[in-house]
Amino acid sequence: MSLDLDLLAKIKRHEVLSMIRTGERIDGRDFDEFRPIEVRTGVISKANGSALVRLGNTQLVVGVKLEVGTPFPDTPDQGALAVNAELVPLADPTFEPGPPDENAIELSRVVDRGIRESEAIDLEELCIVEGEHCWVVFVDIHVLDHDGNLFDASLMGSVAALATAEVPEVEVEDDEVEVIEDETRPLPFRDFPISVTVAKIEDHVLVDPCLEEEIVMDARMTVTTNERGDVCAVQKGDKGEFPPKAFEEALEMAVKKSKEIRRTVKAQIES
Amino acid sequence: MAEEPERLIAEDGTRLDGRKPDELRPLRIQAGVLKRADGSAYLELGSNKIIAAVYGPRELHPRHKQKPDRAVIRFRYNMAPFSVDERKRPGPDRRSIEISKLSKEALEPALFTEYYPRTAIDIFVEVLQADAGTRCAGITAASVALADAGIEMKDLVAAVAAGKVDGHIVLDPMYYEDGYGEADVPLAMMPKYDAITLLQMDGNMTEDEFKEAVRLAKKGCKIIYREQRRALKRKYGGE
């Protein structure tokens, strides 16, 4: 984080903290309240699936591209999944061009685990010729405006893009795969993982931190649940710690909240 | 990975390597094993072999990376190419970059970074042989190396994973249990404060199972904590 943001943090910290101590958030939300969620799918026609997500002022686009590749040797009967996140410089004054840094890598790996561990994509359905050819699903997260909680927004966008993605039909002849672009089937998507990120600020825990809250938070915990409500990925991040009470509150808040967020995102995709 | 064993946990609850569900693998920690580093530690947990070194607090270059009010912590987790079954390509990959970031964040709560403004504290973890649980073993070793370097700390950080294997919640999963189990929950904590400083999970668990895994991993951390302190006492006296 740059020095500018450090200074801003010190000035803002007082305001954000004194409000939280009296049970209020800087933008007037309840501690267990998300910012407005807007998900639009099919925004990029060149992609096999796509979504634009607005979570308050946080904005990002997720594109799903499918390519014919080779299955991994240890999963010869499955397609492959690759999640990548780019924190492009237009989204935040501290983002810099270049290869993904540790923040972008953490973001993409947390999203990847949410999709992978919930087994949301039926990867076996994406095998073309066992051990030879399969579909590789590339999920690319492109952050446009960073106003906090990129984790949850990124998974919402990825899930929305995947749930509406189409897989081209293929013909296999003499071990050659021919892709028929204008004949497609829906991507085999069978779960709906949702993550809820909880910020710990002093003794308080709150969901969906905006950037001002992220700057002052001690630590965060992202909990990803599947449609059944089971936990399929967790990630504590940032340099603070979670004492037992904060941990339990955060976990319960996240699991409870995920049901509502899943409904919201689903409704947005269907409309 | 070799063929999946038919079952990972026997009917009487015994694991493949003969352990009980809440039992750690044999643990050995030695403080101060390197001459050049300011602090160091060597750790074996089962067949994991990990070496950690600390350099600093030392001057940080380039200077614009210095923090006027605190030290910058840098952590590098690195796996030796020969540490795993299939040779690992040298250098950082996405997994090790993520582990390095989370390990740094796991140790930082224990450090008084404000005592050492404008400096860097560099922590290096080399995995010489890996058998599941290396990120936690690395944090445990690094914490001892930090103490060995004489850096003031609120507490040592102890780390170990719990997992779900054949429907059982077990402590410190080894290779097969990690590879074929249903979930993995690495955790680091400051035992004196009962505070979690690293927590990850992947797999599938109910909320209650996850809580149980966290409880078990915390219990394991307390045993590891005792060994960390013993290692330091062996070097610096007091035992």
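Placed above this text is the structure.
Since we're looking at a predicted model, the values are computed, not measured.

**Things to note about the environment of threonine 197 of chain A**
All names here are of chain A.
So, point 1. As for its position among the elements, threonine 197 is in strand E9 (residues 194–201).
So, point 2. The sequence separation of threonine 197 and cysteine 210 amounts to 13 residues, and the corresponding C-alpha distance is 11 Å.
So, point 3. Sequence-distant contacts of threonine 197, defined by excluding residues within four places in its chain, comprise Asn149, Phe151, Asp152, Val207, Asp208, Pro209, Arg220 and Thr222.

**Here's the deal with the sheet that holds strand E1 (residues 27–31) of chain B**
Backbone-to-backbone hydrogen bonds join strands into a sheet, with any given pair of strands oriented parallel or antiparallel.
All names here are of chain B.
So, point 1. Strand order in the open sheet formed by 5 strands is E1-E2-E3-E5-E4, and the pairing between neighbours is mixed. Edge positions in the open sheet fall to E1 and strand E4 (72–79), since each of these has one partner strand only. Strand-to-strand twist of the sheet, defined as the mean angle between neighbouring strand axes without regard to direction, takes the value 15 degrees.
So, point 2. Of the strand pairs in this sheet, E1 and strand E2 (residues 39–45) are connected by 5 bridges, and their pairing is antiparallel.

**Points about unusual backbone geometry**
So, point 1. Cis peptide bonds are those with omega within 30 degrees of zero, and the linkage from glycine 56 of chain B to proline 57 of chain B qualifies with 0 degrees.
So, point 2. Within the secondary structure, proline 57 of chain B is located in strand E3 (residues 48–59).
So, point 3. Of note, the amide linkage connecting histidine 61 of chain B to proline 62 of chain B takes the cis form, showing an omega dihedral of -5 degrees.
So, point 4. Located in the positive-phi region is aspartate 175 of chain A, a residue other than glycine, with phi close to 65 degrees.
So, point 5. Among the structural elements, aspartate 175 of chain A can be located in the loop between strand E7 (166–173) and strand E8 (176–186).
So, point 6. Exposure remark for aspartate 175 of chain A: the 8 C-beta atoms within 10 Å place this residue in the exposed category.

**A short note on the packing of helix H2 (residues 102–117) of chain A against helix H1 (residues 94–107) of chain B**
So, point 1. Where H2 of chain A contacts H1 of chain B, the axes come no closer than 9 Å and their chain directions differ by 105 degrees. The pairing of H2 of chain A with H1 of chain B is recorded here as roughly perpendicular in orientation. Touching Glu102, Ile105, Glu106 and Arg109 of chain A of H2 of chain A are Arg94, Ile97, Glu98 and Lys101 of chain B, all from H1 of chain B.
So, point 2. The residue inventory of the contact of H2 of chain A with H1 of chain B, partitioned by class, reads 2 nonpolar, no polar and 6 charged.

**Focus: the pairing of E8 of chain A**
Residues and elements named next belong to chain A.
So, point 1. Burial runs low along E8: only 0 of the 11 residues are buried.
So, point 2. Both E7 and E8 contribute to a ladder of 8 bridges, which runs antiparallel. Paired with glutamate 173 across the two strands is glutamate 176, which belongs to E8.

**Quick notes on the sheet that holds strand E7 (residues 168–171) of chain B**
So, point 1. Taking strand neighbours across the sheet as the criterion, the 8 strands line up as E10(A)-E9(A)-E11(A)-E12(A)-E9(B)-E8(B)-E6(B)-E7(B) in an open arrangement whose pairing is antiparallel. Of all the strands in the sheet, the pair left with one neighbour each is strand E10 (204–207) of chain A together with E7 of chain B. Neighbour to neighbour, the strand axes of the sheet diverge by 20 degrees on average, direction disregarded.
So, point 2. The sheet contact formed by strand E6 (residues 158–165) of chain B and strand E8 (residues 183–190) of chain B spans 7 bridges and is antiparallel.

**Some details on the interface of chain A and chain B**
For interface size, the figure often reported is the accessible area lost on association.
So, point 1. Across the boundary between the two partners, chain A contributes 25 residues, which contact 24 residues of chain B.
So, point 2. Elements supplying a minimum of two residues to the side of chain A that touches chain B: H2, strand E12 (231–237) and helix H5 (244–270) of chain A.
So, point 3. By residue number, the principal contributor to the side of chain A that touches chain B is E12 of chain A, which donates 7 residues.
So, point 4. Tallied by class, the residues present in the side of chain A that touches chain B amount to 12 nonpolar, 3 polar and 10 charged.
So, point 5. As judged from the 4 bridges shared by E12 of chain A and strand E9 (residues 195–205) of chain B, these two strands associate in the antiparallel manner. Each residue of the ladder has a partner; that of glutamine 235 of chain A, found in E9 of chain B, is glutamine 200 of chain B.

Definitions and limits used
Each chain carries its own residue numbering, running from 1 in the written order of its sequence. Written order decides the labels, with chains lettered from A and ligands numbered from 1. Local features in this predicted model are restricted to residues of pLDDT 70 or higher, and side-chain atom pairs are both shown and tallied only at a pLDDT of 80 or more, whereas totals for entire chains, interfaces and linings draw on every residue. The helix and strand labels rest on DSSP assignments: H or I over at least four residues marks a helix, E over at least two residues marks a strand, and numbering proceeds from the N terminus. Residue pairs are scored as contacts if the distance between their C-beta atoms, which are placed from the backbone, is within 7 Å. Here, any two strands with at least 2 DSSP bridges between them count as paired. Structural elements are reduced to axes, namely lines fitted to C-alpha atoms, with helices fitted over the stretch in contact, and the angle between N-to-C directions of any two is expressed from 0 to 180 degrees. Exposure criterion: with C-beta atoms placed from backbone coordinates, a residue whose C-beta has 20 or more other C-beta atoms within 10 Å is buried, one with 12 or fewer is exposed, and one in between is partly exposed. Any angle that is under 35 degrees is reported as roughly parallel, and any over 145 degrees as roughly antiparallel; angles of 65 to 115 degrees are reported as roughly perpendicular and all others as oblique. In this classification, Asp, Glu, Lys and Arg are treated as charged, Ala, Val, Leu, Ile, Met, Phe, Trp, Tyr, Cys and Pro as nonpolar, and every other residue, Gly included, as polar.

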